[in-house]
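Chain by chain, the residues:
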Amino acid sequence: MAELTAFHAPVAKAEKAKVARTSNRRRRAIVLAVVLGAILVAALVAGLTMPPEFYASDFSQKQQAPSAAHWFGTDFLGHDMFCFSVRGLALSIVIGLFASAVSGFVALVLGSVSAVCGGWVDKVVLWLADLLMSIPHMVMLLLISFSVGGGTFGVVLAVALTHWPSLTRVIRAEVLRIRTGEFVAASRAVGKSDLWIAWHHVVPNVLPQFIVGTILLFPHAILHESALTFLGFGLPLDSPAIGAILSSSMKYLATGAWWLALFPGLMMVAIVLLTFTLGDEIKQLTDPHTVQE
Amino acid sequence: MSARSKFIIKNVIRVVTLLFAVSVITFALATMAPIDPVEAYAGSENHLPQEQLDLIAEKWGWDQPPVQRYCNWIGGVLTGDWGVSVIYNRPVIEVVGERFLTSLALMGTAWILSGVLGFVLGIVCGLRQNSWVDRIIKGFCLVLAAAPTFWLALLALMAFSVSLGWFPTGLAAPAGMRAEDVTLAMRLHHLFLPALVLSVTGIAQITLQTREKTIEARLSDYALFARARGETESQFTRRHVLRNIALPAITLQFGSISEIFGGSVLAEQVFSYPGIGNAAVTAALRGDIPLLLGVALVAALFVFVGNMTANIFYGVVDPRIRAGSEAIDG
Amino acid sequence: MSGERTERERATGGADKPACEGGQRQLHPEPEADPILEVEGLFLSFTQYGTGLRQRTLEVIHDLSLTARAGELVAVVGASGSGKSLLAHAIFGILPDNAQVAGSMRFRGQELDAELQETLRGTRMAFVPQSVDYLDPLMRTGEQVRGVRGTAERAREALDRFGLDERVERLYPFELSGGMARRVLVSTAVIEDADLIVADEPTPGMTLEMAKEAMKTFREFADAGKAVVVITHDLDLAYNTADRIVVFYAGQTFEIADAADFRDGGTRLRHPYSRALVDALPQNGFRPTAGTQPYADDLPAGCLYAPRCAFKSEECEAGHPPFSTYAGGQVRCFHPLGGVGAADDVPGKANSDDAGLKVQAREAEQARVVPSPNARLLEAAGVSFEYKKGAPILESVDFSVREGEIVGLYGPSGRGKSTLAYLLSGRQKPQSGVISWDGSPLPSRGYCPVQLVYQHPERAVNPRWQLGKTLTESWNPPRELQESLGIEEAWKKRWPNELSGGELQRFCIARALNPQTRILICDEITTMLDVVTQAQVWRAIVAQAREHNMGVVAITHNLYLADRICDRIVEI
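Cut-offs applied
- Residues numbered from 1 in each chain as written.
- Chains lettered and ligands numbered in written order.
- Predicted model: local features only at pLDDT ≥ 70, side-chain atom pairs only at ≥ 80, totals over all residues.
- Helix = DSSP H or I, 4+ residues; strand = E, 2+ residues; numbered from the N terminus.
- Buried ≥ 20, exposed ≤ 12 C-beta atoms within 10 Å, placed from the backbone.
- Contact = placed C-beta atoms within 7 Å.
- Nonpolar A, V, L, I, M, F, W, Y, C, P; charged D, E, K, R; others polar.
- Pairing = 2+ DSSP bridges.
- Axes fitted to C-alpha atoms, helices over the stretch in contact; angles between N-to-C directions.
- Expected span 1.5 Å × (residues − 1).
- pLDDT = per-residue confidence, 0-100.
- Parallel < 35°, antiparallel > 145°, perpendicular 65-115°, else oblique.
- Left-handed = near helix turned anticlockwise from the far one by under 90°.

Caption draft 1: The arrangement of the overall build of chain A in detail. A count of helices and strands for chain A gives 11 helices and zero strands. The order of α-helices and β-strands along chain A, N terminus first, is α-α-α-α-α-α-α-α-α-α-α. Residues classed as buried in chain A amount to 48% of the 293 residues present. Long-range pairs, those at least 24 residues apart, make up 69% of the contacts in chain A with a sequence separation of at least 6.

What follows is the structure, given as structure tokens:
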């Protein structure tokens, strides 16, 4: 944001430059979105439709370093790590998408209700958000997952339930800012109804924030899912999940099978990094103030 | 001054109510688990007769309704009786205390390292915006923020312990050695790698934020005025940049305690470091509810103290907050 | 020399009489004193990255010249966006990195390059910024005033000089009141023993009295032998205190003239734009000129003023006029007007110097209106309000306005004018006292008879709406009203961040000028506009209000303006 303010003085307007900068950004965001979308879809399709024999164990091929036949090498049970990782990534993505969608929805509802109702409702929501944010994330994830006995359901529930507070705060603040903003006051003064104002003023201003927020929840969700799985509370440890793969790779560290940990992790980093960047680009793109200053 | 004490009192009240709620939530979650505490205690392999199981349940109060059990537990917590850990068969407060101290060395080192390094790197980036140094550090931070802590820990372990053999592969002290024989050097040797990984993961956030704030200060109106009055860049940095970025950095630093804690749960797991995070995972995996509750409570308290320190610190130090919100009229 | 021009002026029906080439008048005692600062043919441009990797250069100052001598107060006058502030930044060498400067700047005859700028900044050259935002928010006043070159004693002396005691040294910028902040900013210039003082908009939001007080300080600096350059958009203030005035438009100097030339209706002025400025002042003709200042990336091919100029010829649209000496001043025009001595021939133009405020004859359509006693009444009775406990901004204030009358609410910043506007329009509830419309509380639903035009238009329009939608949110303003407010058709397709505050403000005004409005409250709505636009906008508002029997509350710190448009004036 601050990078854009190099043009700090009331220069006799540089409108077209702003537009150019914006269209540049837009192009970059679109490219990012396409790349990320392609990767996600490819991983999902490949991972979920992959015939089981691709990631089945083959003891004749165990503990092999990366090669043309096995790009990511094989593990101690002879799984092809590339196929195994792709499948794991697909599972992570499904869980991540679902958890971030649920979290985003919860945040949207709580955030707007809190801002609109105000009073004790607002207090309760804020207090709840405070509460969740004051227990370390990892501990809360453990507790929730523990309370339902672990497993896939536990992971999804834990990740979905712990990620809404920050986005709720953002949405609440934004709705509040707009509702008390001068342009809404002006709209109300010329006789527009609350519903009209909500639809024409609040929604167009909050929606971009919500979308960006939800996109940014996704990488956190998959990171936390893999962490939980890694600790043994998420997906079953024998399933092809990134966390599980890394967890079992740990047992074979001493054998020097570096590829077991490196590649699956890199895949995850790539996806998380792409999503972060995309979310950030969209944020800059849709923030009228960034473009303005 | 009364505004200040009011501010502090308000914060303390907030913390007390929140802590109470945390205890309720953790207790509810832990007791909801489909784990029979009696079985966890007795062990499912040795089939004890029902009467004996009932006796165990009665001894620990597990036959009582949840509300009663909560009251017993919280009463115990307040009087220093946190229950007995099932897996260690020792009072929870002892286990937690010991583990917490071990973790504190790890988290404290990482916290200070990441704070100081992040702050310095952030200023360097901010002052040299868009230079290659800035680009490299920024890119590095983004990658770090995107990488799972436990993965970084694994890579570090592989590279420095397994391949290079510079550091031990786990634990806080050499295995099988009596505690009295362990030297400080040994402890530091064991501490180094986990602390490094943990600080590296914490650096990204503070670097990026400090960078933003530094750039903000450099592009501010007061920067323009300072330059117009003949302040050189280094004078400006010392007089104005540090002053204006220190507060947000310190706030973020205290706020990051929660993340450091979460990170240490993972790092301790990879390095088999016998800290509190490790205890939490073991307790949850093996259904040791009293220990899990104890760990959760300590974790929350720890984060609370951090957040509250940040809040109070900000309120006391920042003259704008100290004076209360200002009226605005054009 | 002036023969041809005179004929042309007559032909175009110009009201101005031929210029007499009189001798140079001695205005300041030493007209040829040492020039401290000489700027000659200054060009300033910014490099920007456009689409792809294409670089573009945006020229914001073109061929600018200016001289400031010892003992002289020079005012640079121009609308916002004319590049005035950038001039100051260029002199001090504090432009952003992507700026390029060409041309020559000299300080006491020495080329003012980066190296010299560095040694002079904070020693021989002092900059007075426009607001408290230019102070470090976390540093106490004493330390700020001291700076890196001063000492504690010097800071004390400087603050003393402006009547600021030791307690002020311990305050943070946000704790300073408006008046204190201004004095603190000026005191930073005193601590340095500067030959040149440049002040950027030192008087915004001040009433006439306060602004004059502020200008007096700069006058004293000049009288003490310093060269003082004051950058301002406040024309009448400038010509009442300065020795010379530089008129700035779209990054160019249009005219440099003795301040006296701006008096008496400005008929001695040479450039049509300078004349338009003087003529648009509320204490003069209050006459607007159509059109707007062009943007730096969309400049006309020829003279920058040609699109708005009543005297333009083909020559003007084709080529750039040179900056030349003419009739005792300097002007950039192919067909300069006036000159020294022309004023004598203009009857009816009242002297608008600081002598008196209620001087001009009113035009017929602006005769004072006395509303009928039956007209509905918006009333504030015993209203009090405080944002912070124990610091009331309004204390049992009474105020009323009837349908059909235009009431001025006059006073400096910080007196609660905006708060009163908020209360009157129902945006906020008073902590005690009553606001009533026609005897009952304001309706909370439906069209509110009391409408507010807010002083920050950029916050009063939805940033995610094209402006056409904002325009028609309340009603469909007729074409003529849009035109009289100067709303251009193309703007309706633009987004709010693409227009300036002044342009956005016109949309907000059009929105509120719905005939259903019974009382229109205008809170400093033209503060950010140049005088020409101010005249245009206010004329449109007054016409619409009179036509539909609306009441108007004009909140302003400009007494001339209030006096010009209002039926009665209330001081706060």
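Caption draft 2: Region of the structure containing the overall build of chain C. On a plain count of helices and strands, chain C comes out with 18 helices and 20 strands. Considering chain C as a whole, with its 572 residues, one finds that 54% of them fall into the buried category. In chain C, the proportion of contacts linking residues at least 24 apart, taken out of those at least 6 apart, comes to 72%.

Caption draft 3: Quick peek at the interface of chain B and chain C. With 21 residues of chain B in contact, the opposing surface of chain C contributes 31 residues. Listed by contribution, the elements that provide at least two residues to the side of chain B that touches chain C are helix 9 (221-228), helix 10 (233-255) and helix 14 (319-322) of chain B. Per-element accounting of the side of chain B that touches chain C gives the leading share, six residues, to helix 9 of chain B. Its residues assigned to classes, the side of chain B that touches chain C comprises seven nonpolar, six polar and eight charged.

Caption draft 4: Representation of the environment of Tyr410(C) within the structure. All names here are of chain C. Following the sequence through the fold, tyrosine 410 ends up in strand 15 (residues 406-410). Sequence separation of tyrosine 410 and leucine 73 is 337 residues, and the distance between their C-alpha atoms is 29 Å. Leave out the neighbours within four places in its chain, and tyrosine 410 touches Thr556, His557, Leu559, Ala562, Ile569 and Glu571.

Caption draft 5: Up close: the sheet that holds strand 16 (residues 432-437) of chain C. Residues and elements named next belong to chain C. The sheet built from three strands is open, its strands ordered 14-13-16 with antiparallel pairing. The two strands at the open ends of the sheet, each matched to only one other strand, are strand 14 (391-402) and strand 16. Each strand of the sheet is rotated relative to its neighbour by a mean of 25 degrees, with strand direction disregarded. Pairing between strand 13 (residues 377-388) and strand 14: eight bridges, direction antiparallel.

Caption draft 6: Quick look at the interface of chain B and chain A. Residue-level contacts link 44 residues of chain B with 42 residues of chain A. Residue assignment for the side of chain B that touches chain A shows that the elements contributing at least two residues are helix 1 (2-32), helix 6 (132-146), helix 7 (149-163), helix 8 (184-218), helix 11 (257-270), helix 12 (276-285) and helix 13 (289-317) of chain B. Considered class by class, the residues forming the side of chain B that touches chain A number 37 nonpolar, five polar and two charged.

Caption draft 7: Examining helix 5 (residues 151-162) of chain A more closely. Residues and elements named next belong to chain A. For helix 5, spanning 12 residues, the distance from its first C-alpha to its last is 17 Å, which sits close to the expected 16 Å at 1.5 Å a residue. Every buried residue belonging to helix 5 is among Gly154, Val155, Val156, Ala158, Val159, Ala160 and Thr162, and all of these are buried. In the core, the buried residues of helix 5 are packed alongside helix 2 (81-117), helix 3 (119-134), helix 4 (137-147) and helix 8 (194-231).

Caption draft 8: Main features of the pairing of strand 19 (residues 551-556) of chain C. Residues and elements named next belong to chain C. Within strand 19, six of the six residues are buried, leaving the element largely enclosed by the surrounding structure. Of the two faces of strand 19, the one holding Gly551, Val553 and Ile555 and the one holding Val552, Ala554 and Thr556 are both buried throughout. Judged from the five bridges that link them, strand 15 and strand 19 form a sheet pairing that is parallel. Directly across from isoleucine 406, in strand 19, lies its bridge partner valine 552. Here five bridges tie strand 18 (residues 519-523) to strand 19, and the two strands are oriented parallel to one another. When the bridges of strand 19 are listed, isoleucine 521 appears paired with valine 553.

Caption draft 9: How the structure looks around unusual backbone geometry. The phi angle at Asn130(B) is positive, at roughly 70 degrees, despite the residue not being glycine. Mapped onto the elements, Asn130(B) comes out in the loop between helix 5 (92-127) and helix 6. Residue Asn130(B) is classed as partly exposed on the basis of its C-beta count, with 13 C-beta atoms lying within 10 Å. Phi at Asn549(C) is positive, roughly 55 degrees, even though this residue is not glycine. Of note, Asn549(C) is situated in the loop between helix 17 (531-547) and strand 19.

Caption draft 10: Molecular detail of the confidence of the model for chain A. Residue and element names in this part refer to chain A. Overall, the predicted model of chain A reaches an average pLDDT of 80, with 88% of residues at or above 70. Per-element mean pLDDT across chain A ranges from 48 in helix 11 (residues 288-292) up to 93 in helix 7 (residues 182-189). Counted against residues more than four places away or in other chains, residues 1-19, with its pLDDT under 50, gives 49 contacts.

Caption draft 11: Region of interest: the packing of helix 5 of chain B against helix 11 of chain B. All names here are of chain B. The interhelical angle for the contact between helix 5 and helix 11, taken along N-to-C directions, is 125 degrees, at an axis separation of 10 Å. Taken together, helix 5 and helix 11 sit at an angle that is classed as oblique. Regarding helix 5 and helix 11, the two cross each other, and that crossing is right-handed. Seen from helix 5, the contacting residues are Ser103, Leu106, Met107, Ala110 and Trp111; seen from helix 11, they are Ile260, Phe261 and Ser264.

Caption draft 12: Quick look at helix 7 of chain A. Across the eight residues that make up helix 7 of chain A, a large majority, seven, are buried. What helix 7 of chain A keeps buried is the set Phe183(A), Val184(A), Ala185(A), Ala186(A), Ser187(A), Arg188(A) and Ala189(A). Where helix 7 of chain A is buried, its residues touch helix 6 (164-179) and helix 8 of chain A together with strand 17 (450-453), helix 13 (457-460) and helix 16 (501-512) of chain C. Residue Gly191(A) follows helix 7 of chain A closely and has a positive phi angle near 95 degrees.

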